[in-house]
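Understanding the architecture of this molecule
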Amino acid sequence: MLVAVFFTLLFVSLPFTFTTSADGDPHFVVEFPLSKLTVCFNINGEPGHILRLVSDHKYSGVTVNGKLIGAPAPPGSHKTQRTYFNTITIVVDHPKRAYIEVTPKKVILDGRDRMVLPCHSTVSVDSGVLSVAIVGKSNVTVTVGGNISFVILLHQYKNPAPYQRDHLGFYIGNSKGLSNNCHGLLGQFLYEEVGLAELPADGDTKPSQALKVKDRSVPVVQKSRRIYSGTQSVNCWFARNNAAKLIDGQYEDYLMSHMFDTGDWPHGTNRV
């Protein structure tokens, strides 16, 4: 096993240059480079729910799941509670099985050997199938096979408010190694193109906008989202109601039974 420890700022520099992510409460942002559009949506899950973020088990062998925790909503919020990702697992099945489990406090790497790495240290480990680079108290970069990478931001609070919890943000850095059949709440959009159409005014209502996704029309409004721990803002087209019509199927289709569940998307590929 190759283990290297860094005390440099090699991986610390923020912001990154990629946008497709699930961060915060959680807020999802998807970039469509071919369409030159950015789309965002919220997922209002329940504490304990495990969500499928990326599903490419049959092809690249990669699966990413995230588990939600709950917190009270801040005063004046229209929500009754907040949810955040506090555990993310990345499972790889090709050429052999390995996994990484990330929490705000530690990283468990199970490749050639099993290692537990604290998130307050800066360290890089190459296990063959997976490599991980931790920037203490900042972020974790996971690389699979040289052409797939994910960045997980570590959100930690010294003196958290009652509605704050240590949590994680998940960003797709390099998706070139993921197949066209990739799915999941984020993965299904990696190779899609979308269009934007204006819907005519209806009576006293003003004209509105709709996304054309596959064979579906999704009402959207313009919003601005902050990413990378609030260091960047991105303008996006927001789809309401747990991304109804934007995502394939329903929210419940993305609920997994456990963190290492690599089961296939029930409807096959991302083509409906």
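About the criteria used
Residues numbered from 1 in each chain as written. Predicted model: local features only at pLDDT ≥ 70, side-chain atom pairs only at ≥ 80, totals over all residues. Heavy atoms only, no water. Disulfide = S-S within 2.5 Å. Helix = DSSP H or I, 4+ residues; strand = E, 2+ residues; numbered from the N terminus. Buried < 20%, exposed > 50% of the residue type's maximum accessible area, 1.4 Å probe, protein only. Salt bridge = Lys/Arg side-chain N within 4 Å of Asp/Glu carboxyl O. Core = buried A, V, L, I, M, F, W, Y, C linked by side-chain atoms within 4.5 Å. Pairing = 2+ DSSP bridges. Polar contact = N/O pair within 3.5 Å; in protein donor to acceptor, adjacent residues only side chain to side chain. Contact = heavy atoms within 4.5 Å. Phe/Tyr/Trp six-rings, centres within 6.5 Å; stacked < 30°, edge-to-face > 60°. Lys NZ or Arg CZ within 6 Å of the ring centre and 35° of its normal.

Another aspect to go through is the state of the cysteines. Tallied over the entire structure, the rule returns one disulfide. Paired by a disulfide, C40 and C236 hold their sulfur atoms 2.1 Å apart. Taking the sign of the S-S torsion, 75° for the link of C40 and C236, the bridge is right-handed. Linking C40 in strand β4 (residues 37-42) with C236 in strand β19 (residues 232-239), this pair joins segments that are 196 residues apart in sequence. No difference in accessibility class separates C40 from C236, as the two residues are buried.

Looking now at unusual backbone geometry. Note: most residues except glycine have negative phi, and most peptide bonds are trans. The peptide bond linking H94 to P95 adopts the cis configuration, its omega dihedral lying at -5°. Tracing the chain through its elements places P95 in the loop between β7 (81-92) and β8 (98-102). With phi around 55°, K214 is a residue other than glycine that occupies positive phi space. With respect to the helices and strands, the residue K214 is situated in the loop between β17 (208-213) and β18 (216-227). Although it is not a glycine, N242 adopts a positive phi angle of roughly 55°. Inspection of the secondary structure assignment puts N242 in the segment after β19.

Inspection of the secondary structure assignment puts H183 in the loop between β15 (167-174) and β16 (194-199). Residues H183 and V54 lie 129 residues apart in sequence; the distance between their C-alpha atoms is 5.7 Å.

Attention shifts here to the pattern of salt bridges. Scanning the model with the defined rule gives seven salt bridges in all. Across the pair K79 and D25 runs a salt bridge whose closest N-O atoms are separated by 2.8 Å. Of this pair, K79 sits in the loop between β6 (62-72) and β7 while D25 sits in the loop between β2 (21-23) and β3 (27-32), placing them 54 residues apart in sequence. A salt bridge links R52 to D261; its shortest N-O distance comes to 3.9 Å. In this pair, R52 is assigned in strand β5 (residues 50-56) and D261 in the segment after β19, connecting sequence segments 209 residues apart. Comparing R52 with D261, the two get one shared label, buried. Ionic contacts of the salt-bridge type, sharing partners, join the residues K214, R216 and D248 into one network.

Our focus in this paragraph is the nonpolar core. The biggest cluster of nonpolar side chains holds 60 residues, and the ones touching the most others in it are F41, V132, F170 and L246. Ranked by size, the runner-up nonpolar core spans eleven residues in total, among them V151, Y171, Y228 and V234.

Quick look at the pairing of β19 now. One face of the sheet, then the other: side chains in a regular strand alternate in exactly this way. In this sheet, β19 lies alongside β4 in parallel orientation, the contact comprising three bridges. Note on β19: the bridge partner recorded for V39 is W237. Sheet topology note: the β18/β19 ladder contains eight bridges and is antiparallel. When the sheet's bridge partners are listed, Q222 is paired in β19 with W237. In textbook terms, the turn of a hairpin is the stretch between consecutive antiparallel strands, and for β18 and β19 this stretch comprises four residues, one of which, Y228, has a positive phi near 55°.

Before going further, it helps to spend a moment on the side chain of H155. Tracing the backbone shows H155 in strand β14 (residues 148-155). Within the local environment of H155, its side chain forms a polar contact with the side chain of D23, the two groups lying 2.8 Å apart. Beyond its immediate stretch of four places on either side in the chain, H155 contacts D23, R165, D166, H167, L168, G169 and S229.

This part covers the packing of aromatic side chains. Within this structure, the stated rule accounts for seven aromatic pairs. Judged by centre distance (5.8 Å) and plane angle (75°), the ring pair of F32 and F189 falls under edge-to-face. Within this pair, whereas F32 is found in strand β3, its partner F189 is found in the loop between β15 and β16, the two being separated by 157 residues in sequence. According to the relative accessible area criterion, F189 is buried, its value standing at 3%. Joined through ring pairs, the aromatic side chains of F28, F32, F41 and F189 make up one cluster. For K223, the ring lying beneath its charged end belongs to F238, and the centroid distance is 4.1 Å.

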